[in-house]
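Commentary on secondary and tertiary structure
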Amino acid sequence: MITINELREFYKDREGDISVLEKEDKKKIKKLLKEREEKNKQLEIALSNIPDGYKCIIENLNKAIQEKLETENRLNGYFNEKSYIAGFCDAINYNIKLIRNTGTNVNLK
């Protein structure tokens with residue numbers, strides 16, 4: 001039986017491969033990347049429009065935004081790992097079901 005720790009190791013081993021953006025990935029997320037860039041520019045403009053007398057506020061906003069983004073990234077990482085492990089388990093269970101029903105092994109490639 002595969003343990004949750006072994007599944008986490010599978011995930012960590014594949015994490016680098018999964019995070020590499022291939023040509024097809026870039027094509028699919030092009031709109032989102034452009035939107036992110038536009039939102040970043042809007043934020044920079046908004047922060048740059050705060051008068052110089054409020055430097056402390058600007059610094060605090062930048063720090064708060066950075067910390068929020070780091071937290072969001074960690075949450076996304078957690079849910080990505082959880083989704084990967086669930087999908088892996090589903091694939092194994094589905095493969096076992098097919099083997100039982102057909103008596104043959106199934107190649108998922």
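Look up: the structure comes first, before these words.
So, here is what we can say about the structure in this document. (Residues numbered from 1 in each chain as written. Predicted model: local features only at pLDDT ≥ 70, side-chain atom pairs only at ≥ 80, totals over all residues. Heavy atoms only, no water.)

Considering helix α1 (residues 4-19)
Which entries qualify depends on this criterion: In this text, helices come from DSSP runs of H or I with a minimum length of four residues, and strands from runs of E with a minimum of two, each type numbered from the N-terminal end. Helix span, expected: 1.5 Å multiplied by one less than the number of residues in the helix. Two axes enter the definition of the bend at a residue: one is fitted to the seven residues ending there, the other to the seven starting there, and the bend is the angle between them.
For α1, built from 16 residues, the straight-helix expectation of 22 Å at 1.5 Å per residue is met to within 8% by its first-to-last C-alpha distance of 21 Å. The principal kink in α1, of about 35°, is found at Asp-13.

Description of helix α2 (residues 23-48)
The end-to-end C-alpha distance of α2, which contains 26 residues, comes to 35 Å, matching closely the 38 Å that a straight helix rising 1.5 Å per residue would cover. Taken as a whole, α2 carries its principal kink of about 60° at Ile-29.

Overview of the packing of aromatic side chains
Put simply, the test is: Two rings from Phe, Tyr or Trp (for Trp, the six-membered ring) form a pair when their centres sit within 6.5 Å of each other. Planes less than 30 degrees apart are called stacked, planes more than 60 degrees apart edge-to-face, and all others tilted.
The full count for this structure, using the stated rule, is four aromatic pairs. The rings of Phe-10, Tyr-11, Tyr-84 and Phe-88 are connected pair by pair, giving a single aromatic cluster.

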